[in-house]
Structure formats: structure tokens, C-alpha cells
Protein chains: 2
Amino acid sequence: MKAAFKLWIDQDGKTFGDGPYELLTNVEKTGSLHKACAQMGMSYSKAWKLIRNMEQKLGFFVLDREVGGRFGGGSKITPRAKELMTCYARFRDEAKKAIERIYRKQFLSFEKPGLSRPTRRS
Amino acid sequence: MKAAFKLWIDQDGKTFGDGPYELLTNVEKTGSLHKACAQMGMSYSKAWKLIRNMEQKLGFFVLDREVGGRFGGGSKITPRAKELMTCYARFRDEAKKAIERIYRKQFLSFEKPGLSRPTRRS
């Protein structure tokens, strides 16, 4: 037995979680929303919908689009999005540790065999 | 903005979370799985499926069925299920507090207006 969880940021609904974090991380690495989508097996239209929804709820842009240019344009994340990603990663990592610690504390007696025998239906 | 989360206990897959906790709490209150389902608007067959799945994964029974008897039988939770519910409730409540505390800590600078201005797409 172990603790399992899902965390996200809510702003009038689901706004930012592991999926968007991974998408923006891949945009940062590849410099392109197209390449990021390809890496994740996500459709471009789904990614844009996700980003528009996120931007609307957050009240700021997360992507800067570079139209044209030497390599045909691309996308990069905004400084504000980078801040969000940094805060979210710290939040998630620290919360994970806390959840696992609290689980071990609260379920220690439950999982110790011998202290409390499983009850079978009579 | 706020932190949102979903917690559960995993034992080869989703095993116990808020839904099962509420169902068992209602069985405890009403002394009947039928009444518990009615209160939650859950079908009896769905509840049984949930309970069988849970018992199989946990390796112990969570319900004692009282067949017949003066009031036509009913269901009550096993002592081992009661232990699980107690551990889970403590785990969930403490984890909720920790998640909210960690969120406030990590997002304090992000949410402070003036310290960091939202970036608009250029």
C-alpha cells in the first residue's frame, strides 16, 4: 500500500498541473510548440486549447510566438510562465515528500502485521 | 489561485479514497449498504463492485453482512475497515493542511502583485 495523489493549481477550475508543466518544459527545451507536441504525442490543437484556457485563467500569456525568422519561427515561454513553472515544481516536489511522510506516519500502525489482524467476514 | 488535489491509497491500482470513505461512513451511520447507496445516489451494483474491488486489493473484508434477523438484515463495517477509515481521515486532513501550507510558501512571491508583473505577449 502507498499514498497516491494528483495536484494542480485551480483558478476557477483546473488551470495548471503536471500536463501543462511538461508541455511548457518541452517548449522551453525545443523552442517550438510543434516539437513539444510531437514529443508528447499530443495534438497541436489540443495543446493550443490547453494553453489558451490556461492563459485566460491565469490572466497572462505563457507563450511568446516568434513568427517567421530564420528558422521559420517558433515558441518560447514567457518569463512569467517560467516563474509559474518554478513555483509549481517546488510546490509539487515538497508536497510529494509531505504526503508520503504523513502517509507513513498515519498508516504505520495499520500496516504493521501482528498488531492488528485482518478481519474476515464471519 | 489555490492548490487543488486528490488523494487516494494505491494497492496495485486505486484502492481507497474519498468515495469509498464516504460510502463506508454512510454504511456505518445507516447500518445498511442499501440506505448508504440511496443517500449518495449510487447504484447498489456499483457500490458492491467498488467494495469487492477494494476488499480484493486490501486483502480483508470491509463489510459484515447480517442476513435476516429482526430487521431484515443489514451491513456493518468490520473493525479493520474502521481502522482504515480512521487512518485515511487523519492522512487526508493532515495532508490537506500540508499541501495548503506548501502552496502558500511556494506561491507567495508569485501572487504578490507588484513584485513581478504579468508578461503580455509581445
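The rules we used
Sequence order as written defines residue numbering, which begins from 1 separately in each chain. Each chain takes a letter, starting from A, and each ligand takes a number, starting from 1, following the order in which they are written. For this predicted model, a pLDDT threshold of at least 70 governs which residues receive local features, and a threshold of 80 or more governs which side-chain atom pairs are given and counted, while totals over whole chains, interfaces and linings are taken from all residues. As a rule here, side-chain values come from all non-hydrogen atoms in the structure, and water together with hydrogens is ignored. Note on conventions: DSSP H or I runs of at least 4 residues are helices, E runs of at least 2 residues are strands, and numbering of each starts at the N terminus. For every residue, the accessible area obtained with a 1.4 Å probe (protein chains only) is divided by the maximum for its type, and the residue is called buried under 20%, exposed over 50%, and partly exposed between those limits. Residue contacts follow a heavy-atom distance rule, with two residues in contact if any of their heavy atoms lie within 4.5 Å. This arc is built from the directions going out from the helix axis to the C-beta atoms. N or O atoms within 3.5 Å of each other form a polar contact, as long as, within protein, one can give a hydrogen and the other can take it, and as long as residues adjacent in sequence are counted only when both atoms are side-chain atoms. To obtain an axis, a line is fitted to C-alpha atoms, over the contacting stretch when the element is a helix, and the angle between two such axes runs from 0 to 180 degrees between their N-to-C directions. Under this scheme an angle from 65 to 115 degrees is roughly perpendicular, one under 35 degrees roughly parallel, and one over 145 degrees roughly antiparallel; angles in between are oblique. When the near helix sits turned anticlockwise from the far one by under a right angle, the crossing is termed left-handed; a clockwise turn instead gives a right-handed crossing. Gly falls in the polar group here, along with every residue not listed as nonpolar (Ala, Val, Leu, Ile, Met, Phe, Trp, Tyr, Cys, Pro) or charged (Asp, Glu, Lys, Arg). Each nonpolar core is a collection of buried residues, namely Ala, Val, Leu, Ile, Met, Phe, Trp, Tyr and Cys, held together in the definition by side-chain atoms within 4.5 Å. Each copy is superposed on the other by least squares, with the fit set by C-alpha atoms of residues at a pLDDT of at least 70 in both.

## Brief notes about the side chain of Gln106(A)
Take Gln106(A): it is sitting in helix α4 (residues 79–111). Residue class for Gln106(A) comes out buried when judged on its relative accessible area of 13%. Dropping the residues within four chain positions of it, Gln106(A) is found in contact with Cys87(B), Arg90(B), Phe91(B) and Glu94(B).

## Here's the deal with helix α2 (residues 33–40) of chain B
All names here are of chain B. For α2, every residue scored as buried is listed here: Leu33, Ala36 and Cys37. Seen from one end, α2 has its buried residues packed into an arc of 100 degrees, which puts them on one side. Opposite the buried face of α2, by more than 90 degrees, sit the exposed residues His34, Lys35, Ala38 and Gln39. Tucked into the core, α2 has its buried residues touching α1 (18–30), α3 (44–58), β3 (63–66) and β4 (74–77). N-cap assignment for α2: the residue whose side-chain oxygen lies 3.2 Å from the backbone N of His34 is Ser32. Of the residues one or two after α2, Gly41 is the one with positive phi, at around 65 degrees.

## Observations regarding the packing of α1(B) against helix α4 (residues 79–111) of chain B
All names here are of chain B. Contact pair α1 / α4: the axes reach a minimum separation of 11 Å and the direction vectors enclose 130 degrees. Judged by the inter-axis angle, α1 sits oblique to α4. The element α1 and its partner α4 pack so that their crossing is left-handed. Here Asp18, Tyr21, Leu24, Thr25 and Glu28 of α1 lie close against α4, whose contacting residues are Ala81, Lys82, Met85, Tyr88, Ala89 and Arg92. Grouping the amino acids of the contact of α1 with α4 by side-chain chemistry returns 6 nonpolar, 1 polar and 4 charged.

## Overview of the nonpolar core
Residues Phe91(A) and Phe91(B) are the most contacted members of the largest nonpolar core, which totals 70 residues. Other than its neighbours up to four places away in sequence, Phe91(A) contacts Leu7(A), Ile9(A), Ala3(B), Ile99(B), Ile102(B), Tyr103(B), Gln106(B) and Phe107(B).

## So, the relation of the copies chain A and chain B
Taken as rigid bodies, chain A and chain B are interconverted by a rotation of 180 degrees and an axial shift of 0.0 Å, the fit giving an RMSD of 0.0 Å. With respect to symmetry, the two chain copies, as superposed, fit the operation of a two-fold axis. Across chain A, the rotation axis passes nearest the C-alpha of Lys6(A), at a separation of 2.6 Å.

## Looking at the environment of Ser32(A)
Residues and elements named next belong to chain A. Residue position: Ser32 is located in the loop between α1 (18–30) and α2 (33–40). Along the backbone, Ser32 and Lys76 are 44 residues apart, and their C-alpha atoms lie at a distance of 6.8 Å. Only 3.2 Å separates the side chain of Ser32 from the backbone nitrogen of His34, close enough to count as a polar contact.

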